Amino acid sequence: SKGPLTYRLRPRQEETVRASPPGTRPFAAMYIPKRSVADHEAQDSPDLDTKDFEDIQREQESASFLRRHSNVERIEGAAREYTFQAMKLLAGENEDLLDRNIMLHNLEAQQKRNIGLLSLPFSLMFFFSFAYSAFQHEDVTNRYVIESGLSTVLAKGASDISNIAETWDWLNTTLFPIMFNQKDFRGMHLDDKLEWSRVLSYNSLVGPLFIEQERSEKAMCNNDESGISDNMYCYDMMSTDHQPFGRGVPWFQITPPKGGEYKSDNITMKERIEYYNRPFAVAAAGPKGPNARSLRTMVPTYQDRLSGGEMSAGIGDGSSYYRAMFFRNMEYSLLQERLNYLYEREWLDKQTKHITIYATFLNVEMGRPRLQSYMLTLSFARSGDVFRKLRLDTIFLNYWSGFTSYAADGVFAVMLVIVTSLEVRAMFRQRKKRKLWKHVRTGWFLLQGTTAAMGWIILLGYLYSNNQLGPLKKELDYIVAARDADTPAERNFLGDSFIDTAGKYASFAGNLAIAIAQYHLLLMMRFFVAFRAQPRLGVVVNTLEACMLDILHFLVILGPSGVAYAISGCFIFGKRLEEFSDIKSAIGYCFKIMTESNYDWPALSEEHFWTSALWVWSFMIFLAVLMLNMVLAIVLDVYSEQRKSAGKSENVIETFTSFYTVFKNRDRWVGTRKAIAALTTAPRMFSREEFLKLFPGMADQQASIIISDCLAAAQNIHAGPDQMKHTMRMAMALKVAMDQVAEAVDELDSGSYRPTEGVPELKQENWINEINKEMASQNHAMMSLQWQLQQLNWQWQSLDMAHGKGTVFNVSAVDASKATGKIL
């Protein structure tokens with residue numbers, strides 16, 4: 001029922017009870033948790049027989065039993081919980097009855113959702129401001145247009161190189177005509193040297209073209225204990241030669257210098273001969289070159305055979321590199337003559353481990369002025385094959401493109417300040433609450449902290465990059481001044497320092513670009529936090545979060561299985577196919593087969609048909625079909641659960657509609673915080689009318705939404721499976737407690753009950769003591785009233801005996817006699 005349960009004691013009149021203190025409450029107002037006296041007095045109550053309380057001793061024993069913590073607290077808690085659950089059930093059935101706690105829970109959830117939805121526009125603006133800022137700095141589109149053209153032209157024919165002879169042929173017939181073009185589109189010689197060495201018409205060569213090599217030592221083979229290879233020469237890739245080399249070519253005629261060959265000065269024959277012979281000794285200096293993207297990945301087996309363990313990103317340190325420099329202001333005939341001189345003296349031979357070609361181009365036609373770095377590495381493996389690796393990179397001479405670039409960085413910096421300030425303020429608040437350690441261990445703090453830290457690192461990277469352009473421009477000015485002065489190539493030693501500075505800058509710019517790319521992915525994670533505020537979008541986010549643990553366990557099985565197939569493929573196909581030539585390549589190719597279900601069956605089955613078939617078929621069935629589809633099954637199963645738990649939640653259109661409703665009724669719309677504060681002091685259960693009285697100025701749409709959400713939540717509680725589980729637990733707890741009460745009552749009836757020793761008394765007076773006092777007070781009042789009635793009865797009987805029955809007394813005459821002083 002809606003009202004509380006009350007009891008009325010009917011005591012025996014013949015019992016003698018002790019007097020109780022005055023001022024005690026009637027027994028009908030006995031204490032029940034969170035119930036008022038007036039409510040209990042207004043209810044009809046069943047009778048409770050007290051025949052078991054025969055004397056004071058038994059009352060004390062009964063009170064001692066009921067004062068036990070194991071019974072009193074459990075009964076009171078179960079009764080209170082049952083009352084609350086009953087009220088929730090009533091709220092679910094009665095549309096006029098609203099539960100304050102359910103409504104507060106809905107409003108708090110709505111407040112969090114509003115904050116999350118409001119953070120979505122900020123997250124979008126934060127993301128797009130950074131993306132626009134990054135695009136302004138990197139200029140990806142123009143970079144692709146320029147670099148793709150250069151990679152196509154400057155790598156032309158390089159993929160066909162398979163030995164040293166073809167390397168010389170490629171340098172002589174392909175690279176040098178492109179790199180040192182001194183003719184116009186009609187094939188006519190250009191007199192203006194400023195027009196020389198232009199690639200694709202608009203990319204002008206700046207500084208020299210570097211060709212350097214690293215050589216291995218030539219020694220007798222001693223790695224065979226049987227002595228079979230003792231009379232053979234070996235060229236160990238791990239060794240490095242530092243000695244001058246080159247065979248003599250007395251028949252080779254070097255063109256002597258002539259007057260007017262250079263505008264600045266004339267050179268001597270000795271200087272030219274020295275310039276021609278310079279590449280046959282190790283270089284005296286060595287900058288590090290640029291680090292850019294790869295055209296063709298070199299076989300991983302040979303990458304660690306290059307100098308320094310891995311392929312060098314640029315010019316070496318000078319102690320083990322032999323370097324030839326070709327300048328753009330030399331006549332093409334002299335350039336070709338010098339290249340042939342290197343060929344005749346066998347500058348490239350069996351001892352060559354790899355050669356690296358460096359060049360830098362200036363382009364001022366496409367957007368901001370930029371330097372295009374070029375590096376092509378040819379590695380001569382001891383298997384006889386040649387592997388190629390091309391790297392290109394862009395260095396902008398003006399780091400900011402204009403006002404829009406400054407504005408984009410400014411907006412991004414302001415938003416980064418906001419994010420950092422909010423997180424710092426949250427940390428201080430949690431520190432005051434002494435919950436800082438708990439706060440820093442949350443995923444949100446990790447996301448916010450990483451976002452702020454990486455954002456400031458990228459901004460500092462922008463400033464550092466702009467600062468490092470100063471030394472680079474200074475080196476470029478020296479190069480351009482030497483070009484304009486037409487400094488003779490035989491006397492020009494510029495270029496090493498320029499390539500070194502450009503290489504360091506390009507390396508840092510490449511790392512910064514990687515950080516920028518990863519930061520976009522980090523900002524994407526903020527979208528998931530904001531999307532969770534919308535119920536339907538939150539289903540997707542919750543699905544991804546809930547299935548991560550299952551997918552992690554799945555990967556524990558998938559990982560070893562995939563690695564086992566990759567290792568097996570290395571032994572079956574590794575000697576024939578590059579994709580299985582090492583473990584890392586095999587793992588990557590197996591993953592490609594599993595996700596794409598695409599493989600080269602003729603190449604795989606070229607040898608050992610049935611072994612290859614068994615490998616492919618088992619791989620496709622076990623990994624591509626079963627394991628991969630298990631991932632989809634896990635995700636779909638979790639999604640169905642999350643979608644079911646979301647119920648009939650609002651979709652994105654309804655969310656935008658609700659925002660429009662709030663904006664339309666903004667003058668009468670009660671804030672969520674204000675509504676929560678007002679409901680905190682409201683009764684636990686109240687009607688619809690009482691709610692409207694509590695918020696008299698609230699918009700009708702808002703009141704309808706809050707009430708409907710409250711009723712829907714109450715119905716879900718009433719019909720949900722959790723309610724049934726909770727009710728069963730509560731019923732079991734009550735059953736156990738009442739069974740113990742029944743046993744103790746039976747013991748009281750038989751006289752065998754003994755209070756448990758060592759049970760502490762309750763510190764505060766409980767409702768059992770109040771019952772005893774109220775019983776005594778009630779009995780005392782009834783006995784006093786009975787005595788007064790008995791005395792009145794005796795007086796009436798005396799009057800009957802004195803005057804006889806049926807005597808009628810004249811009251812007015814009595815009053816008159818009293819007035820005259822006469823006695824009747």
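The rules we used
Residues numbered from 1 in each chain as written. Predicted model: local features only at pLDDT ≥ 70, side-chain atom pairs only at ≥ 80, totals over all residues. Heavy atoms only, no water. Helix = DSSP H or I, 4+ residues; strand = E, 2+ residues; numbered from the N terminus. Buried < 20%, exposed > 50% of the residue type's maximum accessible area, 1.4 Å probe, protein only. Contact = heavy atoms within 4.5 Å. Areas by Shrake-Rupley, 256 points an atom, 1.4 Å probe, with all protein chains shown as cover. Disulfide = S-S within 2.5 Å. pLDDT = per-residue confidence, 0-100. Phe/Tyr/Trp six-rings, centres within 6.5 Å; stacked < 30°, edge-to-face > 60°. Patch = residues over 30% accessible without salt bridge, like charges linked within 9 Å, V, L, I, M, F, W, Y side chains within 5 Å. Salt bridge = Lys/Arg side-chain N within 4 Å of Asp/Glu carboxyl O. Lys, Arg positive; Asp, Glu negative; His and termini not counted. Charge placed at Lys NZ, Arg CZ, Asp CG, Glu CD. Pairing = 2+ DSSP bridges. Axes fitted to C-alpha atoms, helices over the stretch in contact; angles between N-to-C directions. Parallel < 35°, antiparallel > 145°, perpendicular 65-115°, else oblique. Left-handed = near helix turned anticlockwise from the far one by under 90°. Nonpolar A, V, L, I, M, F, W, Y, C, P; charged D, E, K, R; others polar. Expected span 1.5 Å × (residues − 1).

Asks: Looking at this structure, I do not really get the overall build of the chain. What am I missing?
Replies: Of regular secondary structure, the chain possesses 24 helices and 13 strands. A total of 824 residues make up the chain; the buried ones form 39% of that total. Sequence separation of at least 24 residues holds for 77% of the intrachain contacts in the chain that already meet a minimum separation of 6. Entry remark: accessible area of the chain is about 47300 Å², with carbon and sulfur atoms responsible for 59%.

Asks: Honestly, unusual backbone geometry in this entry has me stumped. Any pointers?
Replies: Across the chain, the bulk of peptide bonds are trans and the bulk of non-glycine residues have phi less than zero. Positive phi is not limited to glycine here, since Glu346 has a value of about 60 degrees. When you line up the elements, Glu346 lands in the loop between helix 9 (332-344) and strand 10 (352-363). On the accessibility criterion, Glu346 (39% relative accessible area) is partly exposed. The phi torsion at His608 lies on the positive side, around 50 degrees, for a residue other than glycine. Here His608 is to be found in the loop between helix 16 (601-604) and helix 17 (609-646).

Asks: Whenever I open this one, the state of the cysteines confuses me. Can you help?
Replies: One way to say it: the disulfide is the covalent bond shared by the sulfur atoms of two cysteines. Within the structure shown, the criterion is met by one disulfide. Two residues, Cys221 and Cys234, share a disulfide whose sulfurs are 1.6 Å apart. Looking along the S-S bond of the Cys221-Cys234 disulfide, the torsion reads about 100 degrees, which is the right-handed sense. Here the residue Cys221 occupies a position in the loop between strand 6 (218-220) and strand 7 (233-235), and Cys234 occupies one in strand 7, the gap between them amounting to 13 residues.

Asks: Can you walk me through the environment of Trp196 in this structure?
Replies: Inspection of the secondary structure puts Trp196 in the loop between helix 6 (164-179) and strand 4 (198-199). Put simply, Trp196 and Glu331 are 135 residues apart on the chain and 9.7 Å apart in space, counted from C-alpha to C-alpha. If we skip the residues at most four places from it in the chain, Trp196 touches Asn181, Gln182, His189, Leu190, Arg328, Asn329, Met330 and Glu331.

Asks: How do you make sense of the confidence of the model for the chain when you look at a structure like this?
Replies: Atom-level detail of predicted coordinates should not be read off regions where pLDDT is low. Averaged over all residues, the pLDDT of the chain is 78; the fraction at 70 or higher stands at 75%. Predicted confidence is poor over residues 1-57, with pLDDT under 50, and the contacts of this stretch with residues over four places away or in other chains come to 77 contacts. With pLDDT under 50 throughout, residues 285-316 is counted as low confidence; its partners more than four residues away or in other chains account for 109 contacts.

Asks: Would you mind going over the packing of aromatic side chains with me for this structure?
Replies: Going through the model one piece at a time under the given rule, you end up with 30 aromatic pairs. Judged by centre distance (4.8 Å) and plane angle (75 degrees), the ring pair of Phe130 and Tyr519 falls under edge-to-face. A residue pair is termed long-range when its members are at least 10 positions apart, and Phe130 in helix 4 (residues 100-138) and Tyr519 in helix 13 (residues 496-531) qualify at 389 residues. You can call Phe130 buried: its relative accessible area is 0%. A ring pair is formed by Tyr276 and Tyr341, whose centres lie 5.6 Å apart and whose planes are at 55 degrees; its orientation type is tilted.

Asks: Which parts of the structure should I look at to understand a negative patch on the surface?
Replies: A cluster of acidic residues, Asp385, Glu578, Glu579 and Asp600, forms a negative patch at the surface. With respect to the element layout, Glu578 can be found in the loop between helix 14 (535-573) and helix 15 (583-596).

Asks: Got a minute to help me understand a positive patch on the surface in this structure?
Replies: Taken together, the side chains of Arg425, Arg429, Lys432, Lys433, Lys435, Lys438, Arg441 and Arg673 present a region of like positive charge at the surface. No other element matches helix 10 (residues 403-432), which puts three residues into the positive patch. Topologically, Lys432 is positioned in helix 10. For Lys432, a relative accessible area of 74% puts it in the exposed group.

Asks: When you look at the environment of Ala713 in this model, what are you seeing that I'm missing?
Replies: Tracing the backbone shows Ala713 in helix 21 (residues 700-719). Each C-alpha atom, one on Ala713 and one on His105, is 9.6 Å from the other, the two residues being 608 residues apart in sequence.

Asks: Teacher, can you tell me more about the side chain of Thr451 here?
Replies: Structurally, Thr451 is set in helix 12 (residues 443-484). Contact partners of Thr451, with chain neighbours within four places excluded, come to Phe126, Leu416, Tyr519, Leu522, Leu523 and Arg526.

Asks: Help me understand the pattern of salt bridges, please; the structure alone is not making it clear to me.
Replies: Opposite charge on two side chains makes pairing possible when the charged atoms of those side chains draw close. All told, the structure shown has 22 salt bridges when counted by the stated rule. Glu214 is paired through a salt bridge with Lys353; the nearest N and O atoms lie 3.6 Å apart. Of the two residues, Glu214 sits in strand 5 (residues 203-215) while Lys353 sits in strand 10, which places them 139 residues apart along the sequence. Lys353 gets classed as buried once you look at its relative accessible area, which sits at 2%. The partner of Arg323 in a salt bridge is Asp496, and the shortest N-O contact between them spans 3.4 Å. Of this pair, Arg323 sits in strand 9 (residues 321-326) while Asp496 sits in helix 13, and the two are 173 residues apart along the sequence. The burial state of Arg323 is the same as that of Asp496; both residues are buried.

Asks: Could you clarify how one ought to interpret a nonpolar patch on the surface in this entry?
Replies: On the surface, Phe609, Trp610, Trp617, Ile621, Phe622, Val625 and Leu626 cluster together into a nonpolar patch covering about 770 Å² of accessible area. The partly exposed category is assigned to Phe622, whose relative accessible area is 33%.

Asks: What am I meant to see in the pairing of strand 10 here?
Replies: As a general feature of sheets, a regular strand has side chains that alternate between the two faces. With 12 of 12 residues buried, strand 10 lies mostly within the body of the structure. Sheet analysis places strand 5 next to strand 10, joined by nine bridges and oriented antiparallel. Counterpart to Val206 in the pairing with strand 10 is Thr360. Relative to strand 11 (residues 370-380), strand 10 runs antiparallel, the two sharing 10 bridges. Note that in strand 11 the partner of Thr356 across the bridge is Thr377. Hairpin connection between strand 10 and strand 11: a loop of six residues separates the two successive antiparallel strands, and Gly367 in this loop has a positive phi of roughly 70 degrees.

Asks: Can you help me understand the packing of helix 4 against helix 19 (residues 672-680) in this one?
Replies: Packed helices, taken two at a time, are described by the angle their axes make and the gap between the axes. Two elements in contact, helix 4 and helix 19, have axes whose closest approach is 10 Å; the angle formed by their N-to-C orientations is 160 degrees. The angle between helix 4 and helix 19 places the two elements in the roughly antiparallel class. The element helix 4 and its partner helix 19 pack so that their crossing is left-handed. Here Arg100, Met103, Leu104, Leu107, Glu108, Gln111 and Asn114 of helix 4 come into contact with helix 19, specifically with Thr672, Arg673, Ala675, Ile676, Leu679 and Thr680. Of the residues assigned to the contact of helix 4 with helix 19, the class counts are six nonpolar, four polar and three charged.

Asks: Looking at this structure, how should I read helix 9?
Replies: Owing to its 3.6 residues per turn, the α-helix aligns residues three or four sequence positions apart on the same side. The end-to-end C-alpha distance of helix 9 is 18 Å, a good match for the 18 Å that 13 residues give at a rise of 1.5 Å each. Buried within helix 9 we find Leu334, Leu335, Glu337, Arg338, Leu339, Tyr341 and Leu342. Looking at the buried residues of helix 9, the elements they touch are helix 6, helix 7 (269-277) and strand 9. Where helix 9 terminates, the next one or two residues include Glu346, which has phi positive at roughly 60 degrees.

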